[in-house]
Amino acid sequence: MLRLFLEENFSGKNLVVVSNREPYIHKKVGTQIKVDRPAGGLTSALDDVLRAAGGIWVAWGSGSRDKDVVDNKSCIPVPPGNPSYTLKRVWLSPGIAENYYHGYANQVLWPLCHITLDRVYFRKRFWEDYKKANRIFAKAVLEESSDDSIVWIHDYHLCLLPGFLRDCKSDLTIAHFWHIPWPDWGVFRVCPQAKEILEGLLGNDLLGFQIPLFAKSFMDCVKECLDADLDYQNAVVTYKGHATRLKAFPISIDYQKFHAMATSRRAVNAIKRIKQKHRLDQGYIGIGVDRLEYTKALIKRLQAIDLFFERYARYRGRVTFIQIAVPTRTKEPYLSYQKAVGELIARINGKHATTDWKPVVYIDKKVEHQELVAYYRMADIGIISSVYDGMNLVAKEYVASQADGHGVLILSELAGAAEELEGALLVNPYDVEGFSDLIYKALKMPHTEKASRMAVLRQQVRANDIYKWIADILHEIVNICWMKSATGRYLFDNLDRIPVKNTFLFLDYDGTLSPIVESPDKAFIPGEIRDILLRLKKHMPIAIISGRALEDIKERVGIEDIIYAGNHGAEIWNGRRQVVRRHSAGDRDRLEELLRRLREDLMPIQGVMVEDKGITASIHFRKVSPKDMGAFFDAFRETVRGYEDTFRITAGKKVFEIRPLKAWNKGKAVSWIMEKFGKRKMPIYVGDDTTDEDAFKAIKGRGVSICVGGNPEADYYLKRQEEVGEFLEQLTGLSKISSFANL
Ligand code: GDG
């Protein structure tokens, strides 16, 4: 799916991903150089994007042998053995790396954004080297990009990079994803470089956050700190003439991969081994998996566990908590934190242990991925207690690995994941007593409730996996690129060019009058739009042009005395009766045959909907998981091969349209209606989809075409479907004035 999307939308554009951490690290092992892949869902998902799209990944070369394997531009083709994109390494001297990474990034921005203010430690040299490092990154990115490039930056290490890039190449498209929380102004104001950080980030065209709250907090900080224009409704900040769009994209995981690993034989064997090793054959198991990190609040979690065994002593010997805590930052304050965690676990074990049981099993090193999934699957409770967290992927990994559906997720209400994961038991990590009660509640929960909560959670994560996250961001980037290239063509900047006298209004339905929804049966026209149309029809003729069957579209819009064209114009209703009916018995037989085959071949793929509209058909794939898209496209293409002599097959927004070659398209329908009912009138056509392109072309030079989301064939664009209502409202006002003037 990604490959197709990238081929269609990124061809000719150069994608440059930038992050602090690199996807491949060269290290010396014995006398040999070994390639390591840092663990983590994000690096592997972005690696997939670049494998499909090609392009460049710019990152800090932190491996001991990284320099030995690159060319004179510090580049190396990757993945090793099967190269499909370029890794360009950026070199930082040990002093700069220390101050930029361990200093400003980890001792200023990280604790600041996680509202752990007593951990914030400013040094002037941290900031100076943070600026230097960002400039070094900027130089490397500029060496590899042209005006046409799309730069996609990650995280808080590179706040100044967007601004530096914008200063040098103003036409670049720059997007940035902020993985950690963004605090509110009351917190952010303590940053001595607040203004510079915000200015740097406003060099972006798109700034993505995990949840809407963080985008809103960012906007509030800009409001307090900079003289910028703020459009809260559309989440756009305009500063020094440049617009930055803010949007939430909740990050996720590869659900299918976790599910497949959790149900594998290896996982079953690993569970047996782990249970034997820790003597966990009976009783309940709780699991915590974290980087050894103070924001994950391991101490608070352990205090809650301690209190749980005090208050619910009958559970001693019957519940074991496994805490996996991998040290990823090996300097202060992490060393002291590690010591405190170790000591507290020893104290709890000393206090509650029996001869053959201890309450907490502590694993203080990295566990292999396959083994980690086994821990997740066998655990009756998954615990996340962060005091603040951008998202928290562990919560989603636990859910995806719960193949038996018996576990309960206890999740900090201060983690971004809490916004999405309905079905979890939410905990305030500061309320240690409430926390211990919640552990009890999870253990006592009836099996049926556990199963239904977990089913809801699994459905949520399955439908919103990492591939959907990537596709959503890339879609937004593509839209931004298009909007930038269409400068001056935004409809609301051109209202004075819209004809209001002698107008004939043509409107598409799905995505234009009605928002795109998950299932086409649920696409209804909002009441206020229907009211506007009722008023508008007094001033101008209106035609609704749709791919839906005539009866369906008439019923959905429900306004009398207007023209309806169904099945892309093969059926036309003139307001009183049907005046066009283009049926061919031969085509119908062949369509039935094709749809029967499609139903059979696409059956194994969940979420496909085959809609038979008599003359034409639509194959909707809005509900197909992004992960299954590749299989869907392959099966679809295979089945329709051989039918091209009878049908024209076109792609729309998550739909394939199948129309007999003899049937009309929307362009022909508009021309026919104009000829019959609208001579000497000026057509305005509003649509949103590729099938509307024929209509845009048909009225070129004769009227005005408007596309929701933009299309090179249309004269003007609207940014969102909601703006169609605003435009029609304005059109009512303008046409009233013009009718009055004509009296
Ligand atoms: C930042 C934001 C946001 C941990 N131990 C082992 C292991 N892990 C893996 C987990 C998980 C990852 O580390 C931790 O991800 P989180 O999301 O929990 O947290 P951060 O590292 O702080 O990440 C966070 C994230 O960025 C993405 O945007 O969600 O809010 O702070 O994937 O599985 N993996 C293996 N062995 C371990 O022992 N294999």
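Novice: Just checking my understanding: could you explain the overall build of the protein for this structure?
Specialist: The number of helices and strands found in the protein is 24 helices and 30 strands. Rg of the C-alpha trace for the protein: 29 Å, near the compact-globule value of 27 Å for 743 residues, within the 12% margin. In the protein, which comprises 743 residues, the proportion classed as buried is 57%. Across the protein, the 107 positively charged side chains and the 96 negatively charged ones have centroids separated by 2 Å.

Novice: Sorry if this is basic, but what is going on with the packing of helix 20 (residues 585-602) against helix 21 (residues 629-640) here?
Specialist: Axes are the key here: two packed helices are described by the angle between their axes and the distance separating the axes. At a minimum axis separation of 10 Å, helix 20 and helix 21 run at an interaxial angle of 150°. Taken together, helix 20 and helix 21 sit at an angle that is classed as roughly antiparallel. By crossing handedness, the relation of helix 20 to helix 21 is classed as right-handed. Seen from helix 20, the contacting residues are Leu-594, Arg-597, Leu-598, Asp-601 and Leu-602; seen from helix 21, they are Phe-632, Ala-635, Phe-636, Thr-639 and Val-640. For the contact of helix 20 with helix 21, the residue count by class is seven nonpolar, one polar and two charged.

Novice: Honestly, the environment of Ala-374 in this entry has me stumped. Any pointers?
Specialist: As for its position among the elements, Ala-374 is in helix 13 (residues 369-378). Since its relative accessible area comes to 0%, Ala-374 is described here as buried. Taking C-alpha positions, Ala-374 is 6.2 Å from Ala-262, a pair spaced 112 residues apart along the chain. Residues contacting Ala-374, with those up to four places away along its chain left out, are Ala-267, Ala-270, Ile-271 and Ile-274.

Novice: Is there a simple way to explain the sheet that holds strand 28 (residues 682-687) in this structure?
Specialist: The strands that make up a sheet are held in pairs by hydrogen bonds between backbone atoms, and each pair lies either parallel or antiparallel. Strand order in the open sheet made by the eight strands is 23-22-21-20-19-28-29-30, with mixed pairing throughout. With partners counted over all chains shown, the strands left at the sheet margins are strand 23 (578-581) and strand 30 (716-718), one partner each. Along the sheet, successive strands turn relative to each other by an average axial angle of 15°, direction set aside. Sheet topology places strand 28 next to strand 29 (residues 704-708); four bridges connect them, and they run parallel. Across the sheet, residue Tyr-685 finds its bridge partner in strand 29, namely Ser-705.

Novice: What exactly am I supposed to notice about unusual backbone geometry here?
Specialist: Negative phi is the rule for most residues except glycine; trans is the rule for most peptide bonds. The step from Val-78 to Pro-79 runs through a cis peptide bond, and the omega angle for that step is -10°. For Pro-79, the location among the structural elements is in the loop between strand 5 (75-78) and strand 6 (85-90). Following Glu-332, the chain continues into Pro-333 via a peptide bond in cis, with omega recorded as 5°. When you line up the elements, Pro-333 lands in the loop between strand 14 (319-326) and helix 12 (334-352).

Novice: How should I be thinking about empty space enclosed by the protein in this particular structure?
Specialist: Gaps left between atoms are located by rolling a probe of water-molecule size over the structure's atoms. Under the defined criterion, the tally for this structure stands at three cavities of 30 Å³ or more. Lining the largest cavity are 20 residues, with Asp-510, Arg-622, Val-655, Glu-657 and Asp-689 sitting closest to its centre. The set of elements that each furnish at least two residues to the lining of the largest cavity consists of strand 25 (617-620) and strand 27 (655-660). Here the lining of the largest cavity is built from residues that sort into three nonpolar, six polar and eleven charged. Considering only enclosed or pocket space, the second largest cavity measures out at about 40 Å³ in volume. Together, Gly-286, Ile-287, Gly-288, Arg-301, Ile-305, Phe-321, Ile-322, Gln-323 and Ile-383 line the second largest cavity. Going through the elements one at a time, strand 13 (284-291), helix 11 (298-311) and strand 14 are the ones with two or more residues in the lining of the second largest cavity. Classifying every residue of the lining of the second largest cavity gives five nonpolar, three polar and one charged.

Novice: Mind showing me how you'd approach the nonpolar core here?
Specialist: If you look at soluble globular proteins, the nonpolar side chains tend to sit buried side by side. Residues Val-18, Trp-182 and Phe-218 are the most contacted members of the largest nonpolar core, which totals 100 residues. Element by element, the count of residues in this core is highest for helix 3 (residues 94-113), at eleven residues. Among the domains, domain 1 (2-92 + 133-248) and domain 2 (255-464) are the pair contributing at least three residues each to this core. Aside from chain neighbours lying at most four places away, what touches Phe-218 is Trp-182, Leu-198, Leu-201, Leu-202, Leu-207, Phe-209 and Leu-246.

Novice: Whenever I open this one, the pairing of strand 17 (residues 408-412) confuses me. Can you help?
Specialist: Strand residues, when the strand is regular, have side chains that alternate between the two faces of the sheet. Among the five residues in strand 17, five count as buried, and that is most of the element. Neither face of strand 17 is open: one carries Val-408, Ile-410 and Ser-412, the other Leu-409 and Leu-411, and all of them are buried. Taken together, strand 16 (residues 381-384), helix 14 (residues 393-401) and strand 17 constitute a β-α-β crossover, and its handedness is right-handed. Direction of pairing for strand 17 relative to strand 18 (residues 425-427): parallel, over a ladder of three bridges. Looking across to strand 18, one finds that Ile-410 is bridged to Leu-425.

Novice: In this structure, what is going on with the pattern of salt bridges? I would like to understand it.
Specialist: A side chain with one charge can pair with a side chain of the opposite charge if their charged atoms come near. On inspection of all chains with the given rule, the structure shows 52 salt bridges. Note that Arg-311 and Glu-433 form a salt bridge whose closest N and O atoms lie 3.6 Å from each other. With Arg-311 in helix 11 and Glu-433 in helix 15 (residues 432-444), the pair connects residues that are 122 residues apart, well separated along the chain. On the basis of relative accessibility, which here comes to 37%, the residue Arg-311 falls in the partly exposed class. Connected through salt bridges with shared partners, the residues Lys-73, Lys-88, Lys-139, Glu-143 and Glu-144 form a single ionic network.

Novice: Teacher, can you tell me more about the site of the ligand here?
Specialist: Of all residues adjacent to the ligand, which total 21 residues, the nearest are His-179, Arg-291, Val-367, Asp-389 and Glu-397. Gly-390 places a polar main-chain atom, nitrogen or oxygen, 3.0 Å from an oxygen atom of the ligand. A distance of 2.5 Å is found between an oxygen atom of the ligand and a side-chain nitrogen or oxygen belonging to Glu-397. The residue inventory of the shell around the ligand, partitioned by class, reads eleven nonpolar, five polar and five charged.

Novice: Teacher, can you tell me more about the state of the cysteines here?
Specialist: Overall, the coordinates contain zero disulfides when judged by the stated rule. Cys-75 takes part in no disulfide bond, and the closest cysteine sulfur to it belongs to Cys-168, at a distance of 19 Å. For Cys-75, a relative accessible area of 10% gives the class buried. Take Cys-707: it sits in no disulfide, and the sulfur closest to it among the cysteines is that of Cys-481, at 16 Å. For Cys-707, a relative accessible area of 1% gives the class buried.

Calculation rules
- Residues numbered from 1 in each chain as written.
- Predicted model: local features only at pLDDT ≥ 70, side-chain atom pairs only at ≥ 80, totals over all residues.
- Heavy atoms only, no water.
- Helix = DSSP H or I, 4+ residues; strand = E, 2+ residues; numbered from the N terminus.
- Rg over C-alpha atoms; globule rule 2.2 N^0.38 Å.
- Buried < 20%, exposed > 50% of the residue type's maximum accessible area, 1.4 Å probe, protein only.
- Lys, Arg positive; Asp, Glu negative; His and termini not counted.
- Charge placed at Lys NZ, Arg CZ, Asp CG, Glu CD.
- Axes fitted to C-alpha atoms, helices over the stretch in contact; angles between N-to-C directions.
- Parallel < 35°, antiparallel > 145°, perpendicular 65-115°, else oblique.
- Left-handed = near helix turned anticlockwise from the far one by under 90°.
- Contact = heavy atoms within 4.5 Å.
- Nonpolar A, V, L, I, M, F, W, Y, C, P; charged D, E, K, R; others polar.
- Pairing = 2+ DSSP bridges.
- 1 Å grid on protein atoms, 1.4 Å probe; cavity = no way out; pocket = protein on both sides within 12 Å on 5 of 7 lines; lining within 4 Å.
- Points joined across faces, edges and corners; volume = space filled by probe spheres on them.
- Core = buried A, V, L, I, M, F, W, Y, C linked by side-chain atoms within 4.5 Å.
- Domains from an automatic or database assignment.
- Right-handed = clockwise from strand over helix to strand, strands pointing away.
- Salt bridge = Lys/Arg side-chain N within 4 Å of Asp/Glu carboxyl O.
- Near = heavy atom within 4 Å.
- Polar contact = N/O pair within 3.5 Å; in protein donor to acceptor, adjacent residues only side chain to side chain.
- Disulfide = S-S within 2.5 Å.

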